[in-house]
Amino acid sequence: MNETENTWRTLQEKPLLVKSRWCAFGIHNWTQYMEPKQRREGVYFVDYQTRYCDSCQLVNVKTLRKAYA
């Protein structure tokens, strides 16, 4: 739908337009969760997984575990 416009916006380093009209209403086409990763937040180790919307590239992060280091 907006592929041509998004190409120009990418070249001009502007934010991309939403490719699916449903994303504007909060209905996303999510990919599967990626492999779990770990990061450090202060004194905690946090295990998390991410997934992305195929249309608008919105990121969703799910926290699996937060453990004291």
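Rules behind the numbers
Residues numbered from 1 in each chain as written. Predicted model: local features only at pLDDT ≥ 70, side-chain atom pairs only at ≥ 80, totals over all residues. Heavy atoms only, no water. Helix = DSSP H or I, 4+ residues; strand = E, 2+ residues; numbered from the N terminus. Buried < 20%, exposed > 50% of the residue type's maximum accessible area, 1.4 Å probe, protein only. Contact = heavy atoms within 4.5 Å. Pairing = 2+ DSSP bridges. Axes fitted to C-alpha atoms, helices over the stretch in contact; angles between N-to-C directions.

### Side note on the overall build of the protein
Here is step 1 of the chain: Helices and strands together make up the secondary structure of the protein, namely one helix and three strands.
Here is step 2 of the chain: Counting from the amino terminus, helix and strand elements in the protein follow one another as α-β-β-β.
Here is step 3 of the chain: Expressed as lengths along the three principal axes of its C-alpha atoms, the size of the protein is roughly 50 × 25 × 20 Å.
Here is step 4 of the chain: For the protein, with 69 residues in total, the buried portion stands at 16%.
Here is step 5 of the chain: When contacts within the protein are restricted to residue pairs at least 6 apart in sequence, those whose partners lie at least 24 apart make up 27%.

### Some details on the pairing of strand β1 (residues 37-41)
Here is step 1 of the chain: Inspection of the sheet shows β1 paired to strand β2 (residues 44-52) by five bridges, in the antiparallel sense. Across the sheet, Arg40 pairs through a bridge with Phe45, a residue of β2.
Here is step 2 of the chain: Between β1 and β2, which pair antiparallel in sequence order, lie two residues; one of them, Gly42, sits at a positive phi of approximately 65°.

### Thoughts on the sheet that holds β1
Here is step 1 of the chain: The strand order across the open sheet built from three strands is β1-β2-β3, with neighbouring strands paired in antiparallel fashion. Looking at the sheet topology across the chains shown, the edges are occupied by β1 and β3 (59-68). Within this sheet the neighbouring strands show an average axis-to-axis angle of 35°, counted without direction.

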